[in-house]
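A closer look at the structure
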Amino acid sequence: MIVYAVDKGGEYITVEESLRRHPEGKRSIYVNLTNRCTCACTFCLRTMKKMAEEHSLWLKEEPSAELVKSELGRVPWEYVEEVVFCGFGEPTMRLEVLKELLRYIKSVQPQVKTRVNTNGLSDLYFKRDTAPDFGGGILDTVSISLNASNAERYLELTRSEFGIDSFDAMLSFAQHVKEYVPEVVLTVVDHVEDDGEIALCKKICDERGLRLRVRPYEDS
Ligand code: SF4
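The structure displayed is predicted, hence computed values, not measured ones.

Definitions and limits used
- Residues numbered from 1 in each chain as written.
- Predicted model: local features only at pLDDT ≥ 70, side-chain atom pairs only at ≥ 80, totals over all residues.
- Heavy atoms only, no water.
- Helix = DSSP H or I, 4+ residues; strand = E, 2+ residues; numbered from the N terminus.
- Pairing = 2+ DSSP bridges.
- Axes fitted to C-alpha atoms, helices over the stretch in contact; angles between N-to-C directions.
- Contact = heavy atoms within 4.5 Å.
- Phe/Tyr/Trp six-rings, centres within 6.5 Å; stacked < 30°, edge-to-face > 60°.
- Buried < 20%, exposed > 50% of the residue type's maximum accessible area, 1.4 Å probe, protein only.
- Near = heavy atom within 4 Å.
- Nonpolar A, V, L, I, M, F, W, Y, C, P; charged D, E, K, R; others polar.
- Core = buried A, V, L, I, M, F, W, Y, C linked by side-chain atoms within 4.5 Å.
- Arc of directions from axis to C-beta.

1. Quick look at unusual backbone geometry
Even without being glycine, K127 reaches a positive phi, approximately 55°. Of note, K127 is situated in the loop between α5 (122-126) and β6 (141-145). Backbone geometry places R159, a non-glycine residue, at a positive phi of 50°. Along the polypeptide, R159 turns up in the loop between α6 (151-158) and α7 (166-177).

Given below as structure tokens:
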């Protein structure tokens, strides 16, 4: 699935099915641009390859911007409050397509909120400062996986291809992107970290003026 919805318990369903089950009210819809990622988190389903390939979010090929636009063109926007770029991989790895689609959504449905869920490592991937790419009013919220309170634990969990520098690079992106995106949220998974570690994560966020969200495991 390229454009999809999420039901209770983290079940991935089509937007049509979501409307059948819940004919009233607004909802978030999700866009799945890639299965590639610069991390291989220990808790991520996509790293369990066999399971991932059987999954409805496993893409046979990455969709073009035009294909995503044509899927978005069929969306009943009156039932949508937010479009989230998320899926089963790291959306910023397709930065140009991502930006084109964010611009497209704001041009056709300016009232709909946009969000990108990211590992926050795009500066390392593109070897440049990527925070300004999200400016200009195309993105309302960026949600960044903090995962841990220190570089060693972060690397142990994420197995980032960029090694031990990843944690500091992610935090620096989080702070810088605040200049361009109104809402910046850092997240940690509840089943993965204990209360002590989560308290340390909260301290890191407080010191930097960032908001922490403890997210349920099935959102990963
Ligand atoms: S950053 Fe996200 S998509 Fe990438 S491996 Fe980790 S949980 Fe999976």
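2. Looking at the sheet that holds strand β2 (residues 11-13)
Pairing is mixed in the open sheet, where eight strands are placed in the order β2-β1-β3-β4-β5-β6-β7-β8. Either end of the sheet is taken by a strand with one partner, and the two such strands are β2 and β8 (211-215). Mean inter-strand twist for the sheet, computed between neighbouring axes without regard to direction, equals 30°. The pairing of strand β1 (residues 3-7) with β2 spans three bridges and is antiparallel. Its bridge partner being in β2, D7 is matched across the sheet by E11. In the packing of α7 onto the sheet, contacts are made with β5 (113-118), β6 and β7 (183-189), and the angle to β6 comes to roughly 165°.

3. A few points about the packing of aromatic side chains
Inspection of the entire model under this criterion finds six aromatic pairs. Note on Y4 and Y30: the rings are 5.4 Å apart at their centroids and 25° apart in plane angle, and the pair reads as stacked. Linking Y4 in strand β1 with Y30 in strand β3 (residues 27-31), this pair joins segments that are 26 residues apart in sequence. Overall, Y4 belongs to the buried group, its relative accessible area being 1%. For the pair F134 and F173, a centre-to-centre distance of 6.3 Å together with 80° between the ring planes defines the contact as edge-to-face. You can see F134 sitting in the loop between α5 and β6 and its partner F173 sitting in helix α7, a full 39 residues away along the chain. For F134, a relative accessible area of 2% puts it in the buried group. On the accessibility criterion, F173 (1% relative accessible area) is buried. One aromatic cluster in this structure is built from Y4, Y12 and Y30.

4. Focus on the site of the ligand
Around the ligand sit C37, C39, A40, C41, F43, C44, R46, G89 and N119, and that is every residue in its neighbourhood. Among the residues forming the shell around the ligand, the class breakdown is six nonpolar, two polar and one charged.

5. Points about the side chain of N32
Looking at the secondary structure, you find N32 in the loop between β3 and α2 (49-53). When neighbours within four sequence positions are excluded, N32 is seen to be in contact with M1, I2, Y4, L57, L59, P63, G87 and F88.

6. Structural notes on the nonpolar core
In this structure, F85 and L186 are the most contacted members of the largest nonpolar core, which totals 56 residues. Leaving out residues up to four positions away in the same chain, F85 has contacts with V31, L33, P91, L98, L101, L102, I105, R115, V116 and N117. Residues Y4, Y30, C86 and F88 belong to the second largest nonpolar core, which totals six residues.

7. Some details on helix α3 (residues 65-72)
An α-helix turns once per 3.6 residues; consequently, residues spaced three or four apart project the same way. Restricting attention to buried positions, one finds in α3 the residues A65, V68, K69 and L72. The buried residues of α3 occupy an angular sector of 100° when the element is viewed end-on, so they sit on one face.

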